[in-house]
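Residue-level structure breakdown
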Amino acid sequence: WTLAIRLESLTRSEAETFLAAKLARAGCRESPFTARAMTRLHCHCGGVPRGLQQLATRCLMAGASRGLLVMPPELVDGLAEEISGPTPGFLGAA
């Protein structure tokens with residue numbers, strides 16, 4: 001048996017709400033991602049929740065190691081490229 005569940009991709013606005021809820025549960029009152037960084041997260045992940053969460057987590061870890069309080073879009077782009085090369089939407093691929 002194989003069970004395949006396909007979820008619809010989140011819109012940019014839904015992705016922001018999704019990550020805000022995750023961050024709030026972790027005790028974060030304001031998003032550490034700039035608006036452009038959030039757009040880049042959504043772009044790289046194609047709106048796929050798992051990809052969004054994975055890339056956001058890596059950004060937060062990298063940002064913390066660099067002493068950043070705000071995650072810029074360049075950080076998102078750099079980490080996305082490190083993970084899988086310069087291919088847009090790679091984290092959303094099945």
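Above this text sits the structure in question.
Throughout what follows, the structure given in this document is the object of discussion. Just so we're clear, the structure is a prediction, and the values are computed from it rather than from any experiment.

A look at the overall build of the protein chain
A tally of helices and strands in the protein chain yields 4 helices and 0 strands. Secondary structure elements of the protein chain occur, N-terminal to C-terminal, as α-α-α-α. Counting only residues that meet the buried cut, the protein chain has 32% of its 94 residues in that class. Partitioning the intrachain contacts of the protein chain with sequence separation of at least 6 by distance along the chain shows that 62% fall at a separation of at least 24. Roughly 6,400 Å² of accessible area belongs to the protein chain as shown, and the carbon and sulfur atoms make up 56% of that amount.

Considerations on the packing of helix 3 (residues 49-65) against helix 4 (residues 73-84)
Close contact between helix 3 and helix 4 brings their axes to 10 Å; oriented N to C, the two are set at 115°. Classed by the angle they form, the pair helix 3 and helix 4 counts as roughly perpendicular. For the element pair helix 3 and helix 4, the recorded crossing hand is right-handed. The segment helix 3 lies against helix 4, with L55, R58, C59, A62 and G63 engaging L75, V76, L79, A80 and I83.

Here's the deal with the packing of helix 2 (residues 35-45) against helix 3
Interhelical geometry of helix 2 versus helix 3 gives an angle of 130° and a closest axis separation of 9 Å. Taken together, the axis directions place helix 2 and helix 3 in an arrangement best described as oblique. Classified by chirality, the crossing of helix 3 by helix 2 is right-handed. For the pair helix 2 and helix 3, contact is made by L41, H42, H44 and C45 and by G51, L52, L55, A56 and C59, respectively.

Structural notes on helix 2
Turning to helix 2, its buried residues are A37, M38, L41, H42, H44 and C45. Buried-residue contacts for helix 2 involve helix 1 (12-25), helix 3 and helix 4. Among the residues trailing helix 2, G46 stands out with phi positive, at a value near 60°.

Describing the nonpolar core
Ranked by internal contacts, the top residues of the largest apolar core, which has 19 residues, are F33, L41, L55 and C59. Ranked by the residues each element gives to this core, the list is headed by helix 3, at 5 residues. In this view, L41 contacts L19, F33, L52, L55, A56, C59 and V76; residues no more than four positions away in its chain are not counted.

Digging into helix 4
Over its 12 residues, helix 4 runs 17 Å from end to end, which matches the ideal 16 Å to within 8%, given 1.5 Å per residue. Of the surrounding elements, those touching the buried residues of helix 4 are helix 2 and helix 3.

Quick look at the side chain of H42
Along the chain, the position of H42 falls in helix 2. Within polar-contact distance, the side chain of H42 engages the backbone nitrogen of R12 at 3.3 Å. Residues contacting H42, with those up to four places away along its chain left out, are L10, T11, R12, A15, G47 and L52.

What counts as what
- Residues numbered from 1 in each chain as written.
- Predicted model: local features only at pLDDT ≥ 70, side-chain atom pairs only at ≥ 80, totals over all residues.
- Heavy atoms only, no water.
- Helix = DSSP H or I, 4+ residues; strand = E, 2+ residues; numbered from the N terminus.
- Buried < 20%, exposed > 50% of the residue type's maximum accessible area, 1.4 Å probe, protein only.
- Contact = heavy atoms within 4.5 Å.
- Areas by Shrake-Rupley, 256 points an atom, 1.4 Å probe, with all protein chains shown as cover.
- Axes fitted to C-alpha atoms, helices over the stretch in contact; angles between N-to-C directions.
- Parallel < 35°, antiparallel > 145°, perpendicular 65-115°, else oblique.
- Left-handed = near helix turned anticlockwise from the far one by under 90°.
- Core = buried A, V, L, I, M, F, W, Y, C linked by side-chain atoms within 4.5 Å.
- Expected span 1.5 Å × (residues − 1).
- Polar contact = N/O pair within 3.5 Å; in protein donor to acceptor, adjacent residues only side chain to side chain.

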